Amino acid sequence: MAMAFKMATTGMWVTDECKTSFMEMKWKKVHRFIVFKIDEASRLVTVDKVGRPGEGYDELAASLPPDDCRYAVFDFDFVTTDNCKKSKIFFIAWSPSASRIREKMLYATSKEGLRRALEGIHYDVQATDPTEMGMYVIKDRAK
């Protein structure tokens, strides 16, 4: 089994793949976003999907299931009013209304452990439907 970081509050483990993929996104810019899921049977947080550099917010939103919870990190590049190029990393906790109550509770209690394992996140977004994590929300927070 690969090395993993244990989240004490829930007994879940964050795999090395999660942290490695995040560092590649943060420093090497080889990913635009990463979607994570919890495998209840193995008690592991794993990488569900990785977005290529050419993919954007629409591909991230499309990769989140309408009836299952997920975590995602999104690398948002933008230009400030001073014409400076910036990049901010968003942590998105996706918990749609159609997901099971048990799943919502598991993801809610495991969120901080994963977030701590991924160092360098700038903003958090909690969303239960696509309008709560729309591009306008991302742009507004990044100002």
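Please refer to the structure higher up on the page.
Rules of the game
- Chains are numbered independently. Their residues run from 1 in the order of the written sequence.
- For a predicted model such as this one, the threshold for reporting local features is a pLDDT of at least 70, and the threshold for listing and counting side-chain atom pairs is 80 or more; totals across whole chains, interfaces and linings nevertheless cover every residue.
- Excluded from the side-chain calculations are hydrogens and water; all other atoms, namely the structure's heavy atoms, are used.
- Put simply, DSSP H or I for four residues or longer makes a helix, DSSP E for two residues or longer makes a strand, and each gets a number counted from the N terminus.
- In this treatment the radius of gyration is a C-alpha quantity, and the globule benchmark scales as 2.2 Å times the residue count to the 0.38 power.
- A simple rule labels every residue: compare its accessible area, found with a 1.4 Å probe on the protein chains alone, to the largest value its type can have, and call it buried under 20%, exposed over 50%, or partly exposed in between.
- Here a cavity denotes grid points, spaced 1 Å and computed from the protein atoms alone, that fit a 1.4 Å probe unable to get out, and a pocket denotes an open set having protein on both sides within 12 Å along at least 5 of 7 lines; residues with an atom within 4 Å of a point are the lining.
- Grid points are joined across faces, edges and corners, and a volume is the space filled by probe spheres set on the points.
- Under the scheme applied here, ten amino acids are nonpolar (Ala, Val, Leu, Ile, Met, Phe, Trp, Tyr, Cys and Pro), four are charged (Asp, Glu, Lys and Arg), and all others, including Gly, are polar.
- To form a nonpolar core, buried Ala, Val, Leu, Ile, Met, Phe, Trp, Tyr and Cys residues must be joined to one another through side-chain atoms within 4.5 Å.
- In what follows, a contact means two residues having at least one pair of non-hydrogen atoms within 4.5 Å.
- Centres within 6.5 Å are what make two rings of Phe, Tyr or Trp a pair, Trp counting through its six-membered ring; a difference in plane orientation under 30 degrees is then read as stacked, over 60 as edge-to-face, and the rest as tilted.

A. Region of interest: the overall build of the chain. Across its full length, the chain holds four helices and seven strands. Element order for the chain, N to C, with α for helix and β for strand: β-β-α-β-β-α-β-β-α-β-α. What you see for the chain is a C-alpha radius of gyration of 15 Å, in line with the 15 Å of a compact globule of 143 residues. Considering the chain as a whole, with its 143 residues, one finds that 45% of them fall into the buried category.

B. Structural detail: the layout of surface pockets. Taken as a whole, the largest pocket encloses approximately 150 Å³ of empty space. Forming the walls of the largest pocket are F76, F78, V79, T80, T81, K139, A142 and K143. Residue assignment for the lining of the largest pocket shows that the elements contributing at least two residues are β5 (70-79) and α4 (135-142). Of the residues in the lining of the largest pocket, the class split is four nonpolar, two polar and two charged.

C. View of the nonpolar core. The biggest cluster of nonpolar side chains holds 22 residues, and the ones touching the most others in it are F22, F36, V45, Y71, V73 and L114. For this core, the secondary-structure elements that each account for two or more residues are β2 (12-15), α1 (16-28), β3 (33-39), β4 (44-51), β5, β6 (85-94) and α3 (101-117). Take this core: its biggest share by element is four residues, from α3. If near-sequence neighbours (up to four positions away) are discounted, F36 is found in contact with C18, V45, T46, V47, D48, R70, Y71, A72, V73, L114 and L118. In this structure, L60, A72, F76 and M133 belong to the second largest nonpolar core, which totals 17 residues.

D. The packing of aromatic side chains, seen in detail. Scanning all chains against the criterion turns up seven aromatic pairs. Ring centres of F76 and F78 lie 5.3 Å apart, and the angle between their planes is 15 degrees; this geometry places the pair in the stacked category. One aromatic cluster is present, formed by Y57, F74, F76, F78, F90 and Y123 through successive ring pairs.

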